[in-house]
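What the coordinates show
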Amino acid sequence: MDVKLDPSRDDLPLMANTSHILVKHYVLDLDVDFESQIIEGTIVLFFESGNRFKKRSSSTEVACLSESNKACKFRMPEPCQIPVTNTKTFSSKIGYNDFVICGKGEKDTSGKDGNHDNQEQASGISSSKYCCDTGNHGSEEFLLVLDCCDLSVLKVEEVDVAAVPGIEKFTRSPKLRNQIVHELVALPADRWREQLDYYALCSQAPGCGELLFDTDTWSLQIRKTGAQTATDFPHAIRIRYRTKPQGRSVTWTSDQSGRPCVYTVGSPINNRALFPCQEPPVAMSTWQATVRAAASLVVLMSGENSAKPTQLREGYSSWHYYVTMPMPASTFTIAVGSWTEMKPEICSSNDLATERSFSPSEADFSPHIVFLSQSTLTGMSQLCGTRLCHEIAHAWFGLAIAARDWTEEWLSEGFATHLEDVFWAKAQQLAPHEAREQQKLRACLRWHRLQDEVQNSPEEMQVLRPNKEKTGHVSDSGSSVIRHGLNPEKVFMQVHYLKGYFLLQFLAKTLGEDTYFSFLRKFVHTFHGQLILSQDFLQMLLENIPEEKRPELSVGNIFRDWLESSGIPQGIFLTQGLSTGLQHCRQILNHLSHRRSLLLRDISKYKDRST
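Read on for an overview of the structure. The structure displayed is predicted, hence computed values, not measured ones.

Within the open sheet, the 4 strands sit side by side as β12-β13-β18-β15. Their pairing is antiparallel. Each edge of the open sheet carries a strand with a single partner, namely β12 (250-254) and β15 (298-301). Direction aside, the axes of adjacent strands within the sheet are offset by 15° on average. Pairing of β15 with strand β18 (residues 334-337), which is carried by 4 bridges, proceeds in the antiparallel orientation. When the bridges of β18 are listed, V299 appears paired with V336.

The side chains of a regular strand alternate between both faces of the sheet. In this structure, strand β14 (residues 285-294) lies alongside strand β17 (residues 316-327), joined through 9 bridges in antiparallel fashion. When the bridges of β17 are listed, A293 appears paired with S317. Of the pairings in the sheet, the one linking strand β16 (residues 310-311) to β17 comprises 2 bridges and is antiparallel in character. Each bridged residue has a counterpart across the sheet, and for T310 the counterpart in β17 is S318. Remark: 4 residues form the turn of the hairpin made by β16 and β17, two consecutive strands paired antiparallel; G315 in that turn has positive phi of roughly 90°.

With that settled, the discussion passes to the nonpolar core. Counting 50 residues, the largest nonpolar core has Y26, I222, I237, I239 and F275 as its most contacted members. Per element, the largest residue contribution to this core is 6 residues, and it comes from strand β2 (residues 21-33). Sequence-distant contacts of F275, defined by excluding residues within four places in its chain, comprise Y26, L28, I43, D147, L151, Y241, A329 and F332. Core analysis: the second largest hydrophobic core is formed by 47 residues, Y516, F519, I545 and V555 among them.

Strands belonging to one sheet form pairs held by backbone hydrogen bonds; the direction of such a pair is parallel or antiparallel. The 8 strands are arranged β8-β7-β11-β3-β2-β14-β17-β16 in an open sheet whose pairing can be described as mixed. Unpaired on one side and paired on the other, β8 (207-210) and β16 mark the two borders of the sheet. Taken together, the 7 bridges between strand β3 (residues 38-49) and strand β11 (residues 236-243) define a ladder with antiparallel strand orientation. Residue G41 lies in a different strand from β11, and its bridge partner there is Y241. Here helix α2 (residues 192-203) sits on the sheet and contacts β2, β3, β7 (151-159), β11, β14 and β17; the angle it forms with β17, its principal contact strand, is near 125°.

Now for the packing of helix α7 (residues 432-455) against helix α8 (residues 495-511). As a packed pair, α7 and α8 sit with axes 10 Å apart at the nearest point and diverge in direction by 130°. By the angle class used here, α7 and α8 are oblique. Crossing of α7 against α8: the hand is left-handed. Here Q439, A443, R446, W447, R449, L450 and E453 of α7 lie close against α8, whose contacting residues are V495, L498, K499, Y501 and F502. Of the residues belonging to the contact of α7 with α8, the class tally is 7 nonpolar, 1 polar and 4 charged.

Mapped onto the secondary structure, R242 falls in strand β11. Its relative accessible area of 3% is what places R242 among the buried residues. There is a polar contact of 3.0 Å between the side chain of R242 and the side chain of E40.

The rules behind these values
- Sequence order as written defines the numbering, with residues in each chain counted from 1.
- Residues qualify for local features only when their pLDDT is at least 70, as the model is predicted, and side-chain atom pairs are given and counted only at 80 or more; totals for whole chains, interfaces and linings, by contrast, use all residues.
- By convention in this description, side-chain values take in all heavy atoms of the structure and omit both hydrogens and water.
- DSSP-based pairing: two strands are paired if at least 2 bridges between them are found.
- Strands here mean DSSP runs of E at least two residues long; helices mean DSSP runs of H or I at least four residues long; both are numbered from the N terminus.
- Helix axes are fitted only over the stretch in contact, all axes being lines through C-alpha atoms; the angle between N-to-C directions runs from 0 to 180 degrees.
- Residues belong to one nonpolar core when they are buried, are Ala, Val, Leu, Ile, Met, Phe, Trp, Tyr or Cys, and are joined through side-chain atoms within 4.5 Å.
- A 1.4 Å probe rolled over the protein chains alone gives each residue an accessible area, and that area as a share of the maximum for its type sets the label: buried under 20%, exposed over 50%, partly exposed in between.
- In this analysis, two residues are considered to be in contact whenever any of their non-hydrogen atoms come within 4.5 Å of each other.
- For classification purposes, an angle smaller than 35 degrees is called roughly parallel, one larger than 145 roughly antiparallel, one from 65 to 115 roughly perpendicular, and anything else oblique.
- With the far helix as reference, a near helix turned anticlockwise by less than a right angle produces a left-handed crossing, and one turned clockwise produces a right-handed crossing.
- Under this grouping Gly is polar, as are all residues other than the nonpolar Ala, Val, Leu, Ile, Met, Phe, Trp, Tyr, Cys and Pro and the charged Asp, Glu, Lys and Arg.
- Identification of polar contacts relies on pairs of N or O atoms within 3.5 Å, with a donor-acceptor requirement for protein atoms, meaning one able to donate a hydrogen and the other able to accept it, and with residues adjacent in sequence counted only if both atoms are side-chain atoms.

That's the geometry; what it means functionally is another story.
Below, the structure written as structure tokens:
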């Protein structure tokens, strides 16, 4: 079951069986400990079963996922006595060795810090652990698979949502736990506040039975004895876990003043080393989180609200955030440190008065947290401004509209690179001719960058749609892989940014900017909140423009010339006016070189006179 992958060569697996069951909401309750460099606590997952799952008749079909697709059978664990814990008062600071009594024949090897690795968890809580072997212990239970790595999972249990006081007010079946969850996740959008409150209450309900679980390098697998389908499987489960200091989703470091801080970087493995989740982009969910940390620290998250700390016991405070727009789990972000809020004066009060004001509901659609390297905040404003514009563009392409297949990274990064020029020109209030000159120069610089990258990278990593006709395809369970997702070179490559940018420039020049941007506004409105593939964008584009404005344009031609081939597309030279841009760039460089020569000559004369 433990799949070994070579990070210099292999694809990144997305293991979650999203075709069978989907997470609709996460409730996280976490403590941040800088001394041990561990984030610890619980996560409650609320599910909705998919319509593609049918009762399995073979244990092989519900066996754990592996690269070789071999069945992996499970045996029942020996009982382990664990006192019932009141989840309302439980603190994840309690050492798990304080209340775990191991089963017969087992030894406690958790260590003083209680930090098990993925293969050692059986020693701590054996009733929540099952072993994977090849014996004839056939099972027909449904198997929930979550994306998970670099985590110590300590306990998994079903949540008794029927025990929540007042739950009968909005459900027709107050005694059927799965029905309660079904009606809770189906509440209309205008009842979001009530929905969040009930999610919180349900997350604090007592457990009503531990579930069997196992982990390998890339996943957490959970089952309930007797639950043979996703419909039968508990629709609200609680997972108690802790991160590891070396976890690849979390960075423990110091700020520029030497003070400790921690933030989640996600890429390239996203958030699976921060909490067990469903990574495939189709798993769109909402979330709410309560995070406790030292009172001297500030907790920031990618939530919709501006949280204020609640003081707890001496020296600690609590922060609460939430998101009501369903998005992939990869968009969840946390940053804890000694942050200071800065509000620089970037325009006068008169300018502010003339700007359009936004209602709170409209403002909620902006990015909620953006990470910038501090190097962009010094020197000239150009670098910081363009980076901010790029990240703001992701509010539309990357968040509001995202790729259904993450190998089509250009749908996020290509659009953001393309739109950063448009946004930056507007922010500078440039005249049209000034904006065009600036964009020509930036196109020239990007061309040189793309040329260098194409010359110094493997051809197979230069393709924007590497899966070709299989793009968007997943297994029957919903699992898939991200091509080259674990290749360390991919982190530093910009081919998806640059070739995507030049493709969109090509389309804008071919169709005319007015026609192109009019369509783009319509596209964003149509697909807001949805996942797309390249063909969704291209087909709608060609359907919404007059035939005379799209000579020789077709989805197939664009796939062939731009998305499914390596190297530099010929269309860059033919329609982008790059020859003019390159000439303009050379003129600027020659001019700067001439000015440099004159400056050096003047310096030399000054030195001679001084002597």
